[in-house]
Amino acid sequence: MVRVTRFRFLRQFLVGLVCVVMIAACGGGGDTSTPAGDAAGGGSDRLVVATEPAFPPFEFQAEDGSLAGFDIDLMNAIGEAAGFEVEFQSLPFDGIIPALQSNTVDAAISGMTITAARLETVDFSRPYIAAGLAIAVQESNTDINSIDDLEGKRIAVQIGTTGAETANGIANAQVSTFDSAPLALQELANGNADAVINDAPVTLDAIASGNIPGLKVIGELVTEEYYGIALPKGSPNLERVNSGMATIIENGTYAEIFQTWFGAEPPELPEEAPL
Ligand code: GLN
């Protein structure tokens, strides 16, 4: 079995994307005179940003306990460019949207897919990376080769995710939910599930890093998804976040962060996530 590396995944993954607009060309840039809203952490200079830190390489706890990952670096860089400090707050993934709705946090960066359903309750920044769902099975498995083969199977997923939603739509599947993606993958490794539906970059990272042995990803991506930074509906901070993102795309910081975590040039992205 060919070992899937992070780089190989990216090549596969980036080549498959149909992109229309250069991300660098999307930025309006410029300052915004919009004042900050009621930042939960107090004041316009600091935004409390929720994240569920068990989703490497996007967010995870480093050995010293600090937060690390692509999303963490990206959010800090956006804050620096837009003139606000970032205070991360760890929350379970399925608690993030309720926290945004109650204004307990000012924003969230957590590998969160921009979906039509979520847009009814929260706002999203422009897309900051493309991802998509992949199906993982045990390395020895030969009978699951596409999503159609998952009918009636035991599928482990992370609660509240697009992977969970996809699994729930599969006829007769027995779906078990876990608080984090690594726990769902471990269930598969233990033989208590037949498959996991999860974000491809995270599953591939778990396999490539050797954290969860004995698994493979099958076939093609099940979906193509775009991650965005989520904010409470109508948040005055949306423009600041988008403007900070435009700045770091223009000045090369985004590309540097992308290189650090994915070892490649950033791909082109659409200005808006296709829904
Ligand atoms: N991208 C998936 C979603 O938004 C999973 C996110 C996550 O688990 N952090 O539902």
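Let me sum up the structure you'll find in this document.

## Describing the pairing of strand 9 (residues 133–138)
Part 1: Most of strand 9 sits inside the fold, with five of its six residues counted as buried.
Part 2: The sheet contact formed by strand 9 and strand 12 (residues 195–199) spans four bridges and is antiparallel. The partner of Ile135 across the bridge, within strand 12, is Ile197.
Part 3: Relative to strand 13 (residues 215–218), strand 9 is paired through four bridges, and the arrangement is antiparallel. The residue bridging Gln138 from the neighbouring strand is Leu215, located in strand 13.

## Focus on the side chain of Gln158
Part 1: Summarising the element assignment, Gln158 is placed in strand 10 (residues 154–158).
Part 2: Only 3.0 Å separates the side chain of Gln158 from the side chain of Glu52, close enough to count as a polar contact.
Part 3: If sequence neighbours within four positions are ignored, Gln158 has contacts with Glu52, Phe55, Phe93, Ala164, Phe178, Asp179, Ser180, Ala181 and Ala184.

## A short note on the sheet that holds strand 3 (residues 59–61)
Part 1: Pairing in this open sheet of three strands is antiparallel, and the strands run 2-3-4 from one edge to the other. Unpaired on one side and paired on the other, strand 2 (54–55) and strand 4 (67–68) mark the two borders of the sheet.
Part 2: Inspection of the sheet shows strand 2 paired to strand 3 by two bridges, in the antiparallel sense. Within strand 3, the residue paired with Phe55 across the bridge is Glu59.

What counts and what doesn't
Residues numbered from 1 in each chain as written. Predicted model: local features only at pLDDT ≥ 70, side-chain atom pairs only at ≥ 80, totals over all residues. Heavy atoms only, no water. Buried < 20%, exposed > 50% of the residue type's maximum accessible area, 1.4 Å probe, protein only. Helix = DSSP H or I, 4+ residues; strand = E, 2+ residues; numbered from the N terminus. Pairing = 2+ DSSP bridges. Polar contact = N/O pair within 3.5 Å; in protein donor to acceptor, adjacent residues only side chain to side chain. Contact = heavy atoms within 4.5 Å.

Shape descriptors only; they carry no functional weight alone.
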